[in-house]
Amino acid sequence: MEQNNEDGADPPVLLLVGSSGGHLAQLLALRPWYERWPRCWVTFDTPEAVSLLAGEEVVPAYHPTTRNVPNLLRNAVLARRVLRRRRVAAVVTTGAGVAVPFVVLAWLRRIPTVYIEVYDRIDTPTLTARLCRPFLSAMLVQWEEQRRQYPEATVVGTLL
């Protein structure tokens, strides 16, 4: 990703997408990796997320997402709007449901997509990972054991 942009357009951003709570905590643990890049967060507008992301650019997503088709559609419209208005260099996500429309629409726009499977699902894949998997540029896992579900994945170690 290039930070300097001589044509005057906004620099490309890293889009960090995740539900609040543990998903957000795992993305925040990547701070040493992403802190030098322009970034934008997509997460739920909860008191915890607002506090943890103070000073960051945040786009609030619709929740709940679990088995909630209206919010899936709202988040798809949100993803379309964000991906059209911003120069997104890559989408990085730990899930959960909010990730699906962002990953699929980024893939359609040929934007790299990275999914990091959560650390507490060692023996079975998450539904979100299964839905996003066909649209990913890279699948990362935190435990070697998770490669049983994702043989193509790269083990990055635990984030928390």
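Residues numbered from 1 in each chain as written. Predicted model: local features only at pLDDT ≥ 70, side-chain atom pairs only at ≥ 80, totals over all residues. Heavy atoms only, no water.

**Section: the sheet that holds strand 6 (residues 138-141)**
Reasoning step 1: Read from one edge to the other, the open sheet built from seven strands follows the order 3-2-1-4-5-6-7, with strand pairing classed as parallel. Single-partner strands in this sheet number two, and they are strand 3 (58-61) and strand 7 (154-155).
Reasoning step 2: Sitting on the sheet, helix 5 (residues 99-108) is in contact with strand 1 (13-18), strand 2 (39-44), strand 4 (88-95) and strand 5 (113-116), with an inclination near 150 degrees to strand 4. (Pairing = 2+ DSSP bridges. Helix = DSSP H or I, 4+ residues; strand = E, 2+ residues; numbered from the N terminus. Contact = heavy atoms within 4.5 Å. Axes fitted to C-alpha atoms, helices over the stretch in contact; angles between N-to-C directions.)

**Regarding the pairing of strand 2**
Reasoning step 1: Across the six residues that make up strand 2, a large majority, six, are buried.
Reasoning step 2: Relative to strand 2, strand 1 is paired through four bridges, and the arrangement is parallel. Following the sheet pairing, Leu 16 is matched in strand 2 by Trp 41.
Reasoning step 3: The parallel pair strand 2 and strand 3 is bridged by helix 3 (residues 47-52), and the resulting crossover is right-handed. (Buried < 20%, exposed > 50% of the residue type's maximum accessible area, 1.4 Å probe, protein only. Right-handed = clockwise from strand over helix to strand, strands pointing away.)

**Thoughts on helix 4 (residues 69-85)**
Since the α-helix turns once every 3.6 residues, residues separated by three or four places project in the same direction.
Reasoning step 1: Taking 1.5 Å per residue as the helical rise, helix 4 with its 17 residues ought to reach 24 Å, and the 24 Å between its terminal C-alpha atoms agrees with that figure.
Reasoning step 2: Inspection of helix 4 places Asn 71, Asn 75, Leu 78, Ala 79, Val 82 and Leu 83 among the buried residues, and these make up the whole buried set. Looking down the long axis of helix 4, one finds its buried residues gathered within 125 degrees of arc, a one-sided arrangement. Along helix 4, the residues that are exposed and aim more than 90 degrees away from the buried face are Val 69, Leu 73, Val 77, Arg 80, Arg 84 and Arg 85.
Reasoning step 3: Two or three places before Asn 71, at the opening of helix 4, Asn 68 has a side-chain oxygen 2.9 Å from that residue's backbone nitrogen. (Expected span 1.5 Å × (residues − 1). Arc of directions from axis to C-beta. Polar contact = N/O pair within 3.5 Å; in protein donor to acceptor, adjacent residues only side chain to side chain.)

**Here we look at the nonpolar core**
Reasoning step 1: Counting residues in each nonpolar core, the largest one holds 18 residues, and the members touching the most others are Leu 15, Val 42, Val 91 and Phe 102.
Reasoning step 2: Those elements that provide at least two residues to this core are strand 1, strand 2, strand 3, helix 4, strand 4 and helix 5.
Reasoning step 3: With four residues, helix 4 is the largest single contributor of residues to this core.
Reasoning step 4: Excluding residues that lie within four positions of it along the chain, Val 91 makes contacts with Leu 15, Val 17, Leu 83, Ala 106, Ile 111, Pro 112, Thr 113 and Val 114.
Reasoning step 5: If you look at the next biggest cluster of nonpolar residues, it comprises 16 residues, including Leu 28, Ala 49, Ile 116 and Leu 140. (Core = buried A, V, L, I, M, F, W, Y, C linked by side-chain atoms within 4.5 Å.)

**Remarks on a positive patch on the surface**
Reasoning step 1: Positive charge collects at one region of the surface, where Arg 80, Arg 81, Arg 84, Arg 85 and Arg 109 lie side by side.
Reasoning step 2: Inspection of the secondary structure assignment puts Arg 84 in helix 4.
Reasoning step 3: In this structure Arg 84 comes out as exposed when scored by relative accessible area, which is 53%. (Patch = residues over 30% accessible without salt bridge, like charges linked within 9 Å, V, L, I, M, F, W, Y side chains within 5 Å. Areas by Shrake-Rupley, 256 points an atom, 1.4 Å probe, with all protein chains shown as cover. Salt bridge = Lys/Arg side-chain N within 4 Å of Asp/Glu carboxyl O. Lys, Arg positive; Asp, Glu negative; His and termini not counted. Charge placed at Lys NZ, Arg CZ, Asp CG, Glu CD.)

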